[in-house]
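This is what each chain is made of:
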Amino acid sequence: MIDKHLNKNLFKPTIIYTEKAQHAIKISSENATKYDIIVAVGGDGSVNEIGKGLINTNTILAIIPTGSGNGLARHLKIPLALKKAIRLIETGKVISIDSIKINDNYFFCTAGVGIDAHISWKFAEATKRGLSTYIKLTLKSVFNYKAINYELEYNNQKRQIKKVMLATFANANQFGNNVIISPNSIINDGFVRLIIVKKFPFIYAPIFAYYMLSKQVLKSRYTEEIKSTKITMYSPEQKIHIDGEPIKMDNKIEVEVIPNSLKVIVP
C-alpha cells in the first residue's frame, strides 16, 4: 500500500500478508481511506479479493501478477515481468473499469457455471497449476461432462437454453493464460457478456479447441453471446467460480454491471 503524496525516495510501502481466504477483502476495505494506491500481488483470486474492498472508492488498485492465469492483468496489458509491473505503478495511467455484482459477491474478470465451474473446482484441487494442467482438465472434462439446461432473464425477455456445457459471464476477455472466451469484452463499456457453449459431438473437440486458443470462439456454431447490463440465471447446480475461485451460490444467479467502479493502473 502506497501513499503517493510522500517523497518516493523517503517512503516505505506498507506490506501486509494475507492469512486466509477472504482476508484480503478486509485488508483493502479497512485501508482504502488511508492510501492512494493498494497493490495486489498474486493471481486473479487475490486481485478479486483486494479489488472488492476498493469498489466505489478513490483508492487505486495496482496489480503485480504472480498467479497461474493472471486473466485480468493480461486483459489490461499489465506486464507479467515483476520489475516491469512494479515500475508501472509509477509510470502507468489510471483508468476506471466495471465491476460485476453477482448476488452478494463481485468479479472483475469472469464467473461461470457448467463445465467452466467444474474445471475451476478441479483446478483448485490440482497439485500442479499452469496452462498445461488447465488444458488437461478441460479435455478430460469435455468428454465426460453432462450438459445442463438453464433459464435466463435479460433485456426484457425470458428463455431456456438447453444442453449447455459452459456458461461464462465475462467482464474481461479471458479465463487467463490468454485463453480467450469473450473476444468482444471491453472492461469499461458498461456491459457484461454471457458466453454460452452448447454440447458438441466428440469429433468437434479439436475444432473448438482451435477456436478457443485462436481467440475465435464466437465463430463456433455451438457458441452464443448475450450482451446486457443485467442477467438473471436459474441454475440446477450451485457450483460456480468467481475469477477462478470455486464457490457455491444460490440457484438463482443475478448478475449486474456496476459501471466504472474500480480505479486501476494500466500501461
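Residues numbered from 1 in each chain as written. Predicted model: local features only at pLDDT ≥ 70, side-chain atom pairs only at ≥ 80, totals over all residues. Heavy atoms only, no water.

**Description of the overall build of the chain**
Move 1: In terms of helices and strands, the chain carries seven helices and 15 strands.
Move 2: For the chain, buried positions account for 51% of its 267 residues.
Move 3: Within the chain, contacts between residues separated by at least 24 positions form 68% of all contacts whose residues are at least 6 apart in sequence.
Move 4: As displayed, the chain has an accessible area near 13,500 Å², and 52% of this comes from carbon and sulfur atoms. (Helix = DSSP H or I, 4+ residues; strand = E, 2+ residues; numbered from the N terminus. Buried < 20%, exposed > 50% of the residue type's maximum accessible area, 1.4 Å probe, protein only. Contact = heavy atoms within 4.5 Å. Areas by Shrake-Rupley, 256 points an atom, 1.4 Å probe, with all protein chains shown as cover.)

**Description of unusual backbone geometry**
Move 1: Although it is not a glycine, Asn-177 adopts a positive phi angle of roughly 55 degrees.
Move 2: With a relative accessible area of 19%, Asn-177 lands in the buried category.

**Thoughts on the packing of aromatic side chains**
Move 1: Following the criterion strictly, the structure yields five aromatic pairs and no others.
Move 2: Both rings, one in Tyr-204 and one in Tyr-222, keep their centres 4.8 Å apart while their planes meet at 65 degrees; by these two values the pair is edge-to-face. Placement of Tyr-204 in the loop between strand 10 (192–198) and helix 7 (205–213) and of Tyr-222 in the loop between helix 7 and strand 11 (223–228) is noted, with a sequence separation of 18 residues between them. The residues Tyr-204 and Tyr-222 share a single accessibility class, namely buried. (Phe/Tyr/Trp six-rings, centres within 6.5 Å; stacked < 30°, edge-to-face > 60°.)

**Examining the packing of helix 1 (residues 23–31) against helix 2 (residues 44–52)**
Move 1: One can describe the packing of helix 1 onto helix 2 by two numbers: an axis separation of 7 Å at closest approach and a directional angle of 35 degrees. Handedness of the crossing formed by helix 1 with helix 2: right-handed. Contacts between helix 1 and helix 2 pair His-23, Ala-24, Ile-25 and Ser-28 from the former with Glu-49, Ile-50 and Lys-52 from the latter.
Move 2: In terms of residue class, the contact of helix 1 with helix 2 is built from three nonpolar, two polar and two charged. (Axes fitted to C-alpha atoms, helices over the stretch in contact; angles between N-to-C directions. Left-handed = near helix turned anticlockwise from the far one by under 90°. Nonpolar A, V, L, I, M, F, W, Y, C, P; charged D, E, K, R; others polar.)

**Quick word on the pattern of salt bridges**
Move 1: Taken as a whole and judged by the stated rule, the model has five salt bridges.
Move 2: Across the pair Arg-193 and Glu-225 runs a salt bridge whose closest N-O atoms are separated by 3.5 Å. Taken together, the residues span a long stretch of sequence, with Arg-193 in strand 10 and Glu-225 in strand 11 at a distance of 32 residues.
Move 3: Given a relative accessible area of 5%, Arg-193 falls into the buried group.
Move 4: Assessed through its relative accessible area of 29%, Glu-225 is described here as partly exposed.
Move 5: Each of the salt bridges in this network shares a partner with another, and the network as a whole consists of Asp-189, Arg-193 and Glu-225. (Salt bridge = Lys/Arg side-chain N within 4 Å of Asp/Glu carboxyl O.)

**Observations concerning the confidence of the model for the chain**
Move 1: Per-residue pLDDT for the chain has a mean of 89; in total, 88% of the residues score no lower than 70.
Move 2: Within the model, the stretch residues 3–10 combines pLDDT values under 50 with seven contacts to residues more than four positions away or in other chains. (pLDDT = per-residue confidence, 0-100.)

**Quick word on the pairing of strand 7 (residues 157–170)**
Move 1: When strand 5 (residues 110–114) meets strand 7, the two strands line up antiparallel, connected through five bridges. Directly across from Gly-112, in strand 7, lies its bridge partner Thr-168.
Move 2: Two strands pair when backbone bridges link them, and strand 6 (residues 148–154) and strand 7 are joined in this way by six bridges, in the antiparallel orientation. Along strand 7, the bridge assignment pairs Leu-152 with Arg-159. (Pairing = 2+ DSSP bridges.)

**Notes on the nonpolar core**
Move 1: Counting residues in hydrophobic clusters, the biggest one holds 43 residues, and the most contacted among them are Ile-102, Phe-107, Leu-152, Phe-169, Leu-194, Met-233 and Ile-253.
Move 2: No other element matches the six residues that strand 7 contributes to this core.
Move 3: Beyond its immediate chain neighbours, meaning those up to four positions away, Met-233 contacts Val-113, Tyr-150, Glu-151, Leu-152, Ala-167, Phe-169, Leu-194, Asn-251, Lys-252 and Ile-253.
Move 4: In this structure, Ala-32, Ile-64, Leu-76 and Ile-89 belong to the second largest nonpolar core, which totals 32 residues. (Core = buried A, V, L, I, M, F, W, Y, C linked by side-chain atoms within 4.5 Å.)

**Things to note about helix 1**
Move 1: For helix 1, the full list of buried residues reads His-23, Ala-24, Ile-27, Ser-28 and Asn-31. The buried residues of helix 1 occupy an angular sector of 125 degrees when the element is viewed end-on, so they sit on one face.
Move 2: Where helix 1 is buried, its residues contact strand 1 (37–42) and helix 2. (Arc of directions from axis to C-beta.)

**A few points about helix 7**
Move 1: Within helix 7 the residues assigned to the buried category are Ala-205, Phe-208, Tyr-211 and Met-212. Mapping the buried residues of helix 7 onto a view down its axis gives an arc of 120 degrees, with all of them on the same face. Summarising the geometry of helix 7, the exposed residues directed more than 90 degrees from the buried face are Pro-206, Tyr-210 and Leu-213.
Move 2: Directly beyond the C-terminal end of helix 7, a positive phi value near 65 degrees is found at Lys-215.

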